[in-house]
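Descriptive structure summary
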Amino acid sequence: MRLDEFFVTGDPLIYGADVSIALTLIGAIFALTYFKKWKWLWSEWLTTVDHKKLGIMYIIAAVLMLFRGGVDAMLMRAQLTVPDAGFLDAKHYNEIFTTHGTIMIIFMAMPFLIGLINVVVPLQIGARDVAYPFLNAVSFWTFFMGAMLFNISFVIGGSPSAGWTSYVPLAGLELSPGVGQNYYLLGLQIAGIGTLLTGINFLVTILKMRVPSMKLMQMPIFTWSSLITMVIIIFAFPVLTVALALMTFDRLFGSHFFTMMDGGMPMLWANLFWIWGHPEVYIVILPAFGMFSEIISTFARKTIFGYKAMVYSMVIIAGLSFLVWVHHFFTMGAGGAVNSFFSITTMLIAVPTGVKIFNWLFTLYKGRIRFTTAMLWALAFIPNFVIGGVTGVMLAMAAADYQYHNTYFLVAHFHYVLISGTVYACFAGLYFWYPKMFNHRLNERLGKWSFWIFVAGFNLCFFPMYFLGLAGMPRRVYTYGVADGWMSMNVLATFGGLLMGIGFLILVYNIYYSFRYSPRETTGDPWDARTLEWSTPAPVPHYNFAHLPEAKGHDAFWIMKEEIKQGKKPEKKPYKPIHMPSYSGVPVVMSVFFFIAGFGMVFSWNWMSILGLIGVLATMVIRSFDYDKGFYVSVEEIEEHEKTT
Amino acid sequence: MEAVEHSPNTPLEYQTETGRLNILGFWIFLGAEIALFSTLFATYLVLVGRTADGPGPAELFEISGVLIETFLLLTSSFTCGLAIHYMRNHSLKGVFVWIGITLALGLGFLGFEIYEFVHYIHEGAALTTSAYWSAFFVLVGTHGAHVTLGIGWIILILIQLKQRGLTPDTSRKVFISSLYWHFLDVVWIFIFTAVYLYGMVM
Amino acid sequence: MASNNEQTNSHSHFPWSHVVGFGLSIVLTLLALWIGFYSGFSLTTIMVIVVGLALVQATIQLLMFMHITESEDSTVQVGTILYAVFIAVAVVAGTIWVMSFGMHYM
């Protein structure tokens, strides 16, 4: 392979990216060396198995991916603002919408939510760590290496360009001969390993690691939503694993699952992809629902309305989410009976979701609402999500879908549910739990600026797209003509997109600003909140709880505070040594080998993939022979910690 | 590990918190494996009959070979269960003997499967021949890869058993690997039914 | 604890549950074979019966070899497997139905 085929050449945007990547790397290496932080990086972060630190790393990676996906989005908006624009050519545009979609779903939304789950859920259930701390580190590092593998495609070898759904035959070898599609397959495969492990890990954590006094029906709603999410992950991700593997076999080893020849069935890919893909939608929305429930309840200063209805509606969603996948391809022509069945199940699943909306409204009703930034995001979510949900029901009607399908109407719909659902929740959760992670709040004034600009921009960007869709603008086109008459609304959308970008930048600035100027936390409970994570001191000690807390109902911490107000004195119990797991370098090394194996397969360099896989197996063997039992935190150390806080 | 209440009769593998958590986690992993194999079965069943110009299954499948494979794996599942029985009677020797037999049967199964695959390829049915054979080789091959991995894994555990004897940690590992081994036989039951029986009767 | 009793019962004695499970598995396999080749039923009937027999045999393995009900977490274990069976049916039956494009299958 020639060097100019290995590196992507010929585009000034890419050269710019090359330079900035090189500068960032050099800068990071220089800074780590200059401040003598290599050892700190290795022993505090790269080898950590602490769920709080892993959560923070997930979130940092997700924010970086949000930036990358956002830049892709801005490039698309720039190209589409005016008719017949020449900013991007068709191929480049295809690459950008492919990476935008894939990154936002797989490498931004999921890790952001999983990051917050990592930080919050063990604290909410009174646990000192997750059930399998080592696997938790494997989860993070395989996600991270999968994301990096996918991301380097745009400077080395070329990006995938067949859309985030990678429909064949477009994604097949004949029409996508380059390595881009291989990056998609391998990057997602490696990251998927981590997601599956997270699913098992947190399911067992929530079921088995709760403080003994916390009953299932006393768990905070966010914990419940995480539990249901994990169930969906466990049963949905293996389907993706298989689908990706089959396409990889088609592309690398000449099998005929999805090919046009020798009996292959291209439409089988769509079917398998969406068997995973639809549950995936609930994987990224249920934790968001959980966060909004916590935030609304805290800032309305009321317990959540209809706790049981909330739980049961999520259980129903978990079952139904596996029975609706065909609505993503009604137009494939599976026949009247099939389309009717999936049309009905799709409308059914809107019912439990509707129940939740009413529960939030009734929680707000007669509440003494505090309009913090986190709460503003939650309040904006409700009306915006309803718009997305109602247009979703419109799309659920199979006959009508023949009109909406493949137009901007659909684009508007899923951005309304995914941005006002998932992204608002990520921001809300970040503002809400930021003090738990970093020991200071984010600035509220900047936060509100960022909120208003982003929400205004979001609606300005995506509301016109409904009308663009009804006016016939197809999705995934890289340009359109003057005569189509779509320009004015596209200009509006681009302007909205710009505002969203500004809102995001203000958020990033806020992180820096608050790091410098925000007062440090002293209480650990800055919002007068309700659940157990707020009972931990600031900063949260690495063992989380010196004494395991007691849960006497949901809103366990609120009940504790009420008891103290009524004069109950917290009893002084002696500390006992606390058992904690040891840090390990194996997960990060194993994931590096996964990266090497994946990179080798992308380029069909067999020696490299075999080397990588041997490395993976070797690290597994090392782990199998490792009988490290962790260590005990001594009573003196606990006393020291508890004194300072 | 924190001291946990358990009766003296509780098997070693359930005596520690780690033991119980890992066994439960592995059951959940098996749930994910069921989803994985269902997807492969779904793919296979959709692609049945799509043999393009290549041979069909009825021409190539031979009942004797399939039955030998089936009974080797079924018996290995039985002997693996016996190994756990001996483990719970604290007989290290029993564990070694019966796991040894299990591994031998597993290797025998693999040998016959490899022979079968090679035979098909000679008869002009390979991964690249048609959609049907792609699905066949990937479904049955994924199972075979699981068996191979299982054999390697169990050998590692035997080494640890040799080094450390029966402890809560090693028994946990033996028990979990036994769950895995039984599960592979469960999958084979469905391969036997949906692939071989269906393919020959069709 | 009730579950522990079962665990204690399973050792010290002859491994009855394994032997019976093994015997049943052999019988079920041969029965499926006979139905497939010699019963003369229609293909659909054969497939319904042999898939049923496979499910029975799988259940035997889960109960008699894997002791799915023995631990204190048996509810979760059984629940996981049942949910997995639901997923399996949804994926396999759903895929076959969807990909048949309204044509009669088999």
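Chain C goes by Quinol oxidase subunit 4 in an unreviewed UniProt entry, where it is assigned to Guptibacillus hwajinpoensis. In the Catalytic activity (unreviewed entry) part of its UniProt record, chain C is described as follows: "2 a quinol + O2 = 2 a quinone + 2 H2O".

An unreviewed UniProt entry lists chain B under the name Quinol oxidase subunit 3, with Guptibacillus hwajinpoensis given as the organism. Taken directly from UniProt, the Function (unreviewed entry) text for chain B runs: "Catalyzes quinol oxidation with the concomitant reduction of oxygen to water." Quoted straight from UniProt, the Sequence similarities (unreviewed entry) entry for chain B says "Belongs to the cytochrome c oxidase subunit 3 family."

Let us look at the overall build of chain C. Assigned secondary structure in chain C consists of four helices and zero strands. Listed N to C, the secondary structure of chain C is α-α-α-α in terms of helices and strands. Across the 106 residues of chain C, 46% fall into the buried class. In chain C, of all internal contacts separated by at least 6 residues, the share reaching a separation of at least 24 is 55%. Accessible surface, chain C as shown: approximately 5200 Å² in total, 74% of it carbon and sulfur.

What follows deals with the overall build of chain B. Tallying secondary structure elements over chain B gives six helices and zero strands in all. When the helices and strands of chain B are placed in sequence order, the string is α-α-α-α-α-α. Dimensions of chain B along its principal axes, counting C-alpha atoms only, are 65 × 30 × 25 Å. The proportion of buried residues among the 202 residues of chain B is 66%. Split by element, the accessible area of chain B, about 6800 Å² in all, is 65% carbon and sulfur. Computed over 8 positive and 14 negative side-chain charges, the separation of the two mean positions in chain B equals 15 Å.

With that out of the way, let us pick up the interface of chain B and chain A. Between chain B and chain A, the residue contacts involve 36 residues of the former and 34 residues of the latter. The interface formed by chain B and chain A contains one salt bridge. Of the charged contacts in the structure, one is a salt bridge between Lys629(A) and Asp169(B), with a shortest N-O distance of 2.5 Å. At the surface where chain B touches chain A, the tally comes to 10 residue pairs in polar contact (both at pLDDT 80 or more). Only α1 (17-47), α5 (131-164) and α6 (168-201) of chain B provide two or more residues apiece to the side of chain B that touches chain A.

What follows is about the interface of chain B and chain C. Contact with chain B, which involves 48 residues of that partner, is made by 52 residues of chain C. Between chain B and chain C the total buried area reaches about 4300 Å² when both faces are included, carbon and sulfur atoms providing 78% of it. When the buried surface of chain B facing chain C is broken down by residue, Trp27(B), Phe78(B) and His85(B) rank first, second and third, together holding 15% of it. Our count for the chain B to chain C interface comes out at one salt bridge. Residue Glu70(C) pairs with Arg88(B) through a salt bridge whose shortest N-O separation is 2.7 Å. Applying the counting criterion to the chain B and chain C interface returns four residue pairs in polar contact (both at pLDDT 80 or more). Looking at the side of chain B that touches chain C, the elements with two or more residues in it are α1, α3 (63-88) and α6 of chain B. Tallying contributions element by element places α1(B) first for the side of chain B that touches chain C, with 15 residues. In the side of chain B that touches chain C, the residues fall into 31 nonpolar, 14 polar and three charged.

Where the residue is not glycine, phi is negative for most of them; where a peptide bond is considered, it is trans in most cases. All names here are of chain A. Residue Pro169 follows Val168 across a cis peptide bond; omega there is 5 degrees. Note that Pro169 resides in the loop between α6 (133-151) and α7 (180-208). With an omega dihedral of -10 degrees, the bond running from Ala538 to Pro539 counts as a cis peptide bond. Here Pro539 shows up in the loop between α16 (487-517) and α17 (556-565). The backbone phi angle of Lys36 is positive, close to 55 degrees, even though this residue is not glycine. Looking at where Lys36 falls in the secondary structure, it is placed in the loop between α2 (12-34) and α3 (38-46). Backbone geometry at Asp262 places phi at a positive 55 degrees, although glycine is not the residue there.

This brings us to a nonpolar patch on the surface. Together, Phe305(A), Phe358(A), Leu361(A), Phe362(A) and Tyr365(A) make up a nonpolar patch on the protein surface, roughly 530 Å² of accessible area in all. For Leu361(A), the location among the structural elements is in helix α11 (residues 336-364).

This part is about the confidence of the model for chain C. Residues and elements named next belong to chain C. Looking at chain C, the pLDDT average stands at 85 and 84% of residues meet or exceed 70. Within chain C, no element has a lower average pLDDT than helix α1 (residues 2-10), which sits at 43, and none a higher one than helix α4 (residues 74-99), at 95. Note on residues 1-11: pLDDT under 50 across the span, and 19 contacts to partners over four residues away in sequence or across chains. Two numbers describe this predicted complex: its pTM, 0.95, and its ipTM, 0.95.

Turning to the side chain of Ser71(C), a few remarks are in order. Residues and elements named next belong to chain C. Following the sequence through the fold, Ser71 ends up in the loop between α3 (43-65) and α4. Under the relative-accessibility criterion, Ser71 is labelled buried at 3%. At 3.0 Å, the side chain of Ser71 forms a polar contact with the backbone nitrogen of Asp73.

All names here are of chain C. Domain boundaries in chain C define domain 1 (1-70) and domain 2 (72-106). Listed by partner, the interface residues are six residues for domain 1 and five residues for domain 2. In this assembly, domain 1 packs against domain 2 so that about 540 Å² is buried in total across both faces, 75% of it on carbon and sulfur atoms. Seen at the junction of domain 1 and domain 2, the total is zero salt bridges. Classifying every residue of the side of domain 1 that touches domain 2 by side-chain character gives three nonpolar, two polar and one charged.

Attention now moves to the UniProt feature "transmembrane region" (unreviewed entry) in chain B. Here the UniProt-annotated "transmembrane region" (unreviewed entry) positions come out as residues 21-46, 66-87, 94-112, 132-159 and 179-199 of chain B. As annotated, residues 179-199 of chain B comprises 100% helix and 0% strand, and the C-alpha atoms at either end are separated by 29 Å.

This part is about the side chain of Glu533(A). Residues and elements named next belong to chain A. Here Glu533 lies in the loop between α16 and α17. Despite its burial, Glu533 remains without a salt bridge, the nearest opposite charge being carried by Lys436 at 7.9 Å. For Glu533, the side chain forms a polar contact with the side chain of Gln124, separated by 3.4 Å. If we ignore the near neighbours within four places in the chain, the residues touching Glu533 are Val120, Leu123, Gln124, Trp433 and Lys436.

For side chains of opposite charge, pairing can occur when their charged atoms come near one another. Applying the stated criterion across every chain yields a total of 19 salt bridges over all chains. The partner of Arg530(A) in a salt bridge is Asp555(A), and the shortest N-O contact between them spans 3.0 Å. Taken together, the residues Arg530(A) in the loop between α16 and α17 and Asp555(A) in the loop between α16 and α17 connect sequence positions 25 residues apart. Classification of Arg530(A) by relative accessible area gives buried; the value is 5%. Through salt bridges with shared partners, a single network forms among Lys208(A), Glu72(C) and Asp73(C).

It is worth spelling out helix α4 (residues 92-122) of chain B at this point. Along its 31 residues, α4(B) runs 45 Å from first to last C-alpha, staying within 8% of the 45 Å computed at 1.5 Å per residue. Immediately beyond the C-terminal end of α4(B), within one or two residues, lies Gly124(B), with a positive phi of roughly 90 degrees.

This brings us to the packing of helix α8 (residues 221-253) of chain A against α1(B). Interhelical geometry of α8(A) versus α1(B) gives an angle of 40 degrees and a closest axis separation of 8 Å. Regarding the angle of α8(A) to α1(B), the classification is oblique. Between α8(A) and α1(B) the crossing geometry is right-handed. The residues of α1(B) that touch α8(A), namely those facing Ile234(A), Phe235(A), Pro238(A), Val239(A), Thr241(A), Val242(A) and Leu246(A), are Ile28(B), Gly31(B), Ala32(B), Ala35(B), Leu36(B), Thr39(B), Leu40(B) and Thr43(B). Of the residues contributing to the contact of α8(A) with α1(B), the split by class is 11 nonpolar, four polar and no charged.

Conventions and cut-offs
Residues numbered from 1 in each chain as written. Chains lettered and ligands numbered in written order. Predicted model: local features only at pLDDT ≥ 70, side-chain atom pairs only at ≥ 80, totals over all residues. Heavy atoms only, no water. UniProt positions renumbered as here; feature names shortened; annotations may be inferred. Helix = DSSP H or I, 4+ residues; strand = E, 2+ residues; numbered from the N terminus. Buried < 20%, exposed > 50% of the residue type's maximum accessible area, 1.4 Å probe, protein only. Contact = heavy atoms within 4.5 Å. Areas by Shrake-Rupley, 256 points an atom, 1.4 Å probe, with all protein chains shown as cover. Lys, Arg positive; Asp, Glu negative; His and termini not counted. Charge placed at Lys NZ, Arg CZ, Asp CG, Glu CD. Salt bridge = Lys/Arg side-chain N within 4 Å of Asp/Glu carboxyl O. Polar contact = N/O pair within 3.5 Å; in protein donor to acceptor, adjacent residues only side chain to side chain. Buried area = accessible area lost by both parts, 1.4 Å probe. Nonpolar A, V, L, I, M, F, W, Y, C, P; charged D, E, K, R; others polar. Patch = residues over 30% accessible without salt bridge, like charges linked within 9 Å, V, L, I, M, F, W, Y side chains within 5 Å. pLDDT = per-residue confidence, 0-100. Domains from an automatic or database assignment. Expected span 1.5 Å × (residues − 1). Axes fitted to C-alpha atoms, helices over the stretch in contact; angles between N-to-C directions. Parallel < 35°, antiparallel > 145°, perpendicular 65-115°, else oblique. Left-handed = near helix turned anticlockwise from the far one by under 90°.

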